[in-house]
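What follows is the residue order along each chain.
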2 protein chains.
Amino acid sequence: MKLLLKNSRLLDMVGDLPEIKERDILIDENKIAKISENIDEQVDKVIDCNKNIVMPGFVNTHTHLAMSIFRGYKDDKGLMDWLYNSIFPIEDKFIEDDFYWNSYGSCLELIETGTTTCNDMYFGTKYILKAVEDSGIRSVVSWCITDNSIGNKPVETIEYSEKFNNDKDSRIKVFTSFHAPYTCNPDTIKLVVDLAKKLNTGIHVHLSETEDEENQIKEKYGKTPTEYLRDLGVFDVPVVLAHGIHFSSSDIEIIKNITGGISHNPISNCKLASGICDVINLRNNGIKVGIGTDGTGSTSTLDMFEEMKVTAYLQKIKNMNPEAIKAYDVLKMATIEGAEVLGLQDEIGTIEVGKKADIIIIDTSNIRFTPINDIATTLVYLANGSDVLTTIVDGKVLMENRKFLYSDENLVKEHINQNCKRLFK
Amino acid sequence: MKLLLKNSRLLDMVGDLPEIKERDILIDENKIAKISENIDEQVDKVIDCNKNIVMPGFVNTHTHLAMSIFRGYKDDKGLMDWLYNSIFPIEDKFIEDDFYWNSYGSCLELIETGTTTCNDMYFGTKYILKAVEDSGIRSVVSWCITDNSIGNKPVETIEYSEKFNNDKDSRIKVFTSFHAPYTCNPDTIKLVVDLAKKLNTGIHVHLSETEDEENQIKEKYGKTPTEYLRDLGVFDVPVVLAHGIHFSSSDIEIIKNITGGISHNPISNCKLASGICDVINLRNNGIKVGIGTDGTGSTSTLDMFEEMKVTAYLQKIKNMNPEAIKAYDVLKMATIEGAEVLGLQDEIGTIEVGKKADIIIIDTSNIRFTPINDIATTLVYLANGSDVLTTIVDGKVLMENRKFLYSDENLVKEHINQNCKRLFK
């Protein structure tokens, strides 16, 4: 299957400055085969980009896909009240249908707002994975382990890791995962580290999200959460560390040497009042920082444009410096730097020949896009997920002109609403 | 002309809790004539709301409409560098066409993202006002005076105040305006106060935006900017105070007694690193706080949904308390409380019989709106301006199903692009 994108204004996210190039892009199967000014070739399908912006799809480095039913549910509450009284009692009732359909809804929301890769952590992963497969999105998936819920998660992690991680061309990758330092004792964490080493894969974990976490771990183990994880060998393997807000300067020295990076989740961090991640300091120390939405429970939207905006706003106001971060840096965090955090930088995150064809087309015909003085500031400070016209993952056009080509949106909505009726009754 | 909205899920913004009511709404000329469960009446036009959300249009309490051409232009810069090296030299070259078409573009952007009233401050106001009139939006307009640019602004303020303010039914209201404490000496400010008193209207002014402003005024006059304005009689008339970030506790005692209120501009305040307005403290002191976007130069988008989100995020993180502000309070700020700030609470800001018909319909068919667990959190944390389907101002359907009915969007875009070519060459 050959697909040709004509008349694009390409922002390939290669290089240190944003540059728009008028290019055609040839996609052969799941890869970018050619980028050139005028491609005239026999293909199976042509999409005329009409001079709209074409860029790499976003890499959402931290999701909980099955949580879509919690959108706006019991919002504006403190974390512990919210978790223990609103979220956990409902999650306890989840069945196969909830994991599958709720996740399918999240996948469609991601695709529709321009995300082509997500990095998910939850339980019921077998069914989430099925939704990921059926929706067509690219994803790293993981079975999130806590002290009280090890069960058959290691077994399934091994089973699916063998299925997907050995296939170099697979859209799905399997990571290991434990929930957080404060929900996992040393034995649990060692189990996950051993599993990651055995499977030659990474670990997805929440780290340094709240001050409370810092205090709890210091009290229990006499060290910071980051030191706690280091001493258990967590950083011997690639890691995706979600949040990373309360690192001490000696923690930073540890984190500087990890493979992988941080997933910054600014909206969740605001809504739950967790704090503001020091993105500038992390990046100045050479640490890779991607952007994530967290679950729909805490963030309400999986739109990476919203996260990009808030990333920039918070860094400027935290540092009381309007030059603290540039829009183009934020775009990088949401694309190639996110890919680096997941270890997928050779496959995705930029538009280059040989890379997987994960591409979005952004409609700039709306009056809001008049004028475009600067492509990076326009994309970060103006655009939103509803401006995404077309989303291509792994060479497959999942959404074209805002219509899903392979998913029945209404069926997904129906099932989610049915799940809600049962769960919230 | 009678217009009937059928099958609405109405959030009327009346009362202390968000409540969805299934209602029909009858509009007679420019007013809401009837709200009832089933209205069956001969009318000129029916709009089927298809169970979408119907709510009052947003009140944007601080704009600079003619600045649309500065969208994303020389962004990520410090305020003074940005103003003196990027903005002022271009503004100096503005001609009639720039004021008119650039403002027309902003009006369309506002209408398209659900704002039905704006409160504008700029120069070239005669031409801006023409764009406001032609676009159909409701607006308070003002001629912004500084020490160096008094010119014929008082004369024009009087002329247009007599034209519009005496007509109780007018969509346009005229305020007086001076730029800020740091650009106006006491004589200039007294001139504006006298003008406001004479015309029995209000004053729109920037106040307490930056720490630098506080320091400058204290050094020059030995008092805070708020005290400086009080001593010149500014608060003897209704005021809209844009920003209000650095008030001292004694300033708050002064502000408690004003007629009018504060326009909170969170995105501009983040992008220019001005600081975070203490919205919670102001509102706890009974001070009305509306929301504004500021000009497209500092904010990039005039979408009030974005401002609502950031209002909530900033208050939660500033107070390190996820319960600091509720989504419904933010919705109030963006509607009825904004109307109160402008003194228009008897005309707009809620959907009630007898009020002007300023109404928006929000499309909830998108997968992102599945499920809707809470109407207020859904609107504030999820929805964006692109979800606005239809916008009605003063009983006139300005946009229906995302098409402008009375404005030629392409013509406006063409003119703005021409202006840009001339100005930025």
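Residue positions within a chain follow its written sequence, with the count starting from 1. Chains carry letters from A onward and ligands carry numbers from 1 onward, assigned in written order. At least 70 in pLDDT is required for a residue's local features to be given in this predicted model, at least 80 for side-chain atom pairs to be given and counted, and no such filter applies to totals for whole chains, interfaces and linings, which use all residues.

1. Considering the overall build of chain A
Part 1 of the reasoning: Labels follow the DSSP assignment, with helices taken as runs of H or I lasting at least four residues and strands as runs of E lasting at least two, numbered in each case from the N terminus. The helix and strand tally for chain A stands at 16 helices and 17 strands.
Part 2 of the reasoning: Nonlocal contacts in chain A, meaning residues at least 24 apart in sequence, comprise 74% of its contacts between residues at least 6 apart. By definition, residue pairs are in contact when their C-beta atoms, positioned from the backbone, come within 7 Å.

2. Points about the relation of the copies chain A and chain B
Part 1 of the reasoning: Each copy is superposed on the other by least squares, with the fit set by C-alpha atoms of residues at a pLDDT of at least 70 in both. Its rotation angle being 180°, the transformation that places chain A on chain B also includes 0.0 Å of axial translation and leaves an RMSD of 0.0 Å. Such values leave the two copies arranged in the relation of a two-fold axis. When each C-alpha of chain A is compared by its distance to the rotation axis, Ser386(A) comes out closest, at 3.2 Å.
Part 2 of the reasoning: Looking at chain A, 100% of its interface residues are interface residues in chain B too, so the copies touch through the same face.

3. Digging into helix α4 (residues 153-164) of chain A
Residues and elements named next belong to chain A.
Part 1 of the reasoning: Residue count minus one, scaled by 1.5 Å, sets the expected span of a helix. Here α4 contains twelve residues, and its C-alpha end-to-end distance of 16 Å stays within 8% of the 16 Å for a straight helix at 1.5 Å per residue.
Part 2 of the reasoning: Within the span of α4, buried status applies to Lys153, Thr157, Tyr160 and Ser161. What you see down the axis of α4 is that its buried residues fit within an arc of 110°, all on one side. In α4, the exposed positions that point more than 90 degrees away from the buried face belong to Val155 and Glu162.
Part 3 of the reasoning: Structurally, α4 contributes buried residues whose contacts are with α3 (125-135), β8 (138-145), β9 (172-178) and α5 (186-199). Exposure is read from a count of other C-beta atoms within 10 Å of each residue's own; the residue is exposed at 12 or fewer, buried at 20 or more and partly exposed in between. C-beta atoms are placed from the backbone. Each direction from the helix axis to a C-beta atom contributes to the arc, which is the arc of those directions.

4. Some thoughts on the interface of chain A and chain B
Part 1 of the reasoning: Across the boundary between the two partners, chain A contributes 49 residues, which contact 49 residues of chain B.
Part 2 of the reasoning: Contributing elements (two or more residues each) for the side of chain A that touches chain B: α2 (96-112), α9 (266-271), α12 (304-318), α15 (375-381) and α16 (409-424) of chain A.
Part 3 of the reasoning: Looking at the side of chain A that touches chain B, the element that brings in the most residues is α16(A), giving six residues.
Part 4 of the reasoning: For this classification, the nonpolar set comprises Ala, Val, Leu, Ile, Met, Phe, Trp, Tyr, Cys and Pro, the charged set comprises Asp, Glu, Lys and Arg, and every other residue, Gly included, is treated as polar. Considered class by class, the residues forming the side of chain A that touches chain B number 22 nonpolar, 13 polar and 14 charged.

5. Digging into the nonpolar core
Part 1 of the reasoning: Throughout this description, the term nonpolar core refers to a group of buried Ala, Val, Leu, Ile, Met, Phe, Trp, Tyr and Cys residues whose C-beta atoms join them within 7 Å. By size, the foremost hydrophobic cluster in this structure holds 263 residues, and its most contacted members are Ile128(A), Leu331(A), Ile128(B) and Leu331(B).
Part 2 of the reasoning: When residues of this core are sorted by domain, at least three fall in each of domain 1 (2-56 + 352-404) and domain 2 (58-341) of chain A.
Part 3 of the reasoning: If near-sequence neighbours (up to four positions away) are discounted, Ile128(A) is found in contact with Leu65(A), Ala66(A), Phe99(A), Ser103(A), Asp120(A), Tyr122(A) and Val141(A). An automatic or database domain assignment supplies the start and end points of every domain.

6. Examining the environment of Val412(A)
Part 1 of the reasoning: Looking at where Val412(A) falls in the secondary structure, it is placed in helix α16.
Part 2 of the reasoning: Not counting residues up to four positions away in its chain, the partners in contact with Val412(A) are Trp101(A), Tyr104(A), Gly105(A), Leu108(A), Ser407(A) and Ile367(B).

7. Regarding the environment of Val174(B)
Residue and element names in this part refer to chain B.
Part 1 of the reasoning: Mapped onto the secondary structure, Val174 falls in strand β9 (residues 172-178).
Part 2 of the reasoning: With 26 C-beta atoms packed within 10 Å, Val174 lands in the buried category.
Part 3 of the reasoning: Distance from Val174 to Leu423, taken between C-alpha atoms, is 29 Å for residues 249 residues apart in sequence.
Part 4 of the reasoning: Not counting the four nearest positions on each side in its chain, Val174 is found in contact with Val141, Ser142, Thr157, Tyr160, Ser161, Phe164, Asn165 and Thr201.

8. Quick look at the domain arrangement of chain A
Residues and elements named next belong to chain A.
Part 1 of the reasoning: Per the domain assignment, the segments of chain A are domain 1 (2-56 + 352-404) and domain 2 (58-341).
Part 2 of the reasoning: Secondary-structure elements contributing two or more residues to the side of domain 1 that touches domain 2 are α15, β15 (388-393) and β16 (396-400).
Part 3 of the reasoning: Of the residues forming the side of domain 1 that touches domain 2, the biggest block, five residues, is contributed by α15.
Part 4 of the reasoning: Among the residues forming the side of domain 1 that touches domain 2, the class breakdown is 15 nonpolar, four polar and three charged.

9. Thoughts on the packing of α2(A) against α3(A)
Residue and element names in this part refer to chain A.
Part 1 of the reasoning: Running from amino to carboxyl end, α2 crosses α3 at an angle of 35°, the nearest separation of the two axes being 8 Å. With respect to the hand of their crossing, α2 and α3 are arranged in right-handed fashion. Along its contact with α2, which presents Glu96, Phe99, Tyr100, Ser103, Tyr104, Cys107, Leu108 and Ile111, the element α3 presents Tyr127, Ile128, Lys130, Ala131, Val132, Asp134 and Ser135. Each axis is a line fitted through C-alpha atoms, and for a helix only the stretch in contact is used; angles between axes span 0 to 180 degrees, taken between their N-to-C directions. Less than a right angle of anticlockwise turn of the near helix away from the far helix marks a crossing as left-handed, whereas a clockwise turn marks it as right-handed.

10. Some remarks on the environment of Ile351(B)
Residue and element names in this part refer to chain B.
Part 1 of the reasoning: Tracing the chain through its elements places Ile351 in the loop between α14 (336-341) and β14 (359-362).
Part 2 of the reasoning: Measuring from C-alpha to C-alpha, the distance between Ile351 and Ser263 comes to 22 Å, with 88 residues separating the pair along the chain.
Part 3 of the reasoning: Setting aside residues up to four positions removed in sequence, Ile351 forms contacts with Leu10, Asp12, Met13, Ile25, Ile32, Ile35, Pro56 and Ile359.

11. Some points on the confidence of the model for chain A
Part 1 of the reasoning: The pLDDT score gives, residue by residue, the confidence of the prediction method on a 0 to 100 scale. Chain-level pLDDT for chain A is 97 on average; 100% of the residues reach the 70-or-more range.
Part 2 of the reasoning: Scored by ipTM, the complex comes to 0.97, with pTM at 0.98.

12. Focus on the pairing of strand β3 (residues 31-36) of chain A
For a regular strand, the rule is simple: side chains alternate between the two faces of the sheet.
Residues and elements named next belong to chain A.
Part 1 of the reasoning: Note on pairing: two strands pair once DSSP finds at least 2 bridges between them. The sheet contact formed by strand β2 (residues 21-28) and β3 spans five bridges and is antiparallel. Within the sheet, the bridge partner assigned to Leu26 lies in β3 and is Lys34.
Part 2 of the reasoning: Connecting β2 to the antiparallel partner β3 that follows it, the hairpin turn spans two residues, and Glu29 within it adopts a positive phi of roughly 55°.

13. Topic: the packing of helix α12 (residues 304-318) of chain B against helix α13 (residues 327-334) of chain B
All names here are of chain B.
Part 1 of the reasoning: With their axes 10 Å apart at the nearest point, α12 and α13 run at an angle of 135° to one another. Judged on the interaxial angle alone, α13 and α12 are oblique. The crossing of α12 and α13 is right-handed. Listed contacts from α13 to Met304, Met308, Thr311 and Ala312 of α12 are Ala327, Val330, Leu331, Met333 and Ala334. For classification, angles of less than 35 degrees are called roughly parallel, those exceeding 145 degrees roughly antiparallel, those between 65 and 115 degrees roughly perpendicular, and all remaining angles oblique.

14. Digging into unusual backbone geometry
In most cases, non-glycine residues show a negative phi, while peptide bonds are predominantly trans.
Residue and element names in this part refer to chain A.
Part 1 of the reasoning: Here the bond from Thr370 into Pro371 is cis, since omega is -5°, no more than 30 degrees from zero.
Part 2 of the reasoning: Relative to the elements of secondary structure, Pro371 occurs in the loop between β14 (359-362) and α15.
Part 3 of the reasoning: In this model, Lys51 sits at a positive phi of 65°, which is unusual for a non-glycine residue.
Part 4 of the reasoning: Turning to its location among the elements, Lys51 is positioned in the loop between β4 (45-48) and β5 (53-56).

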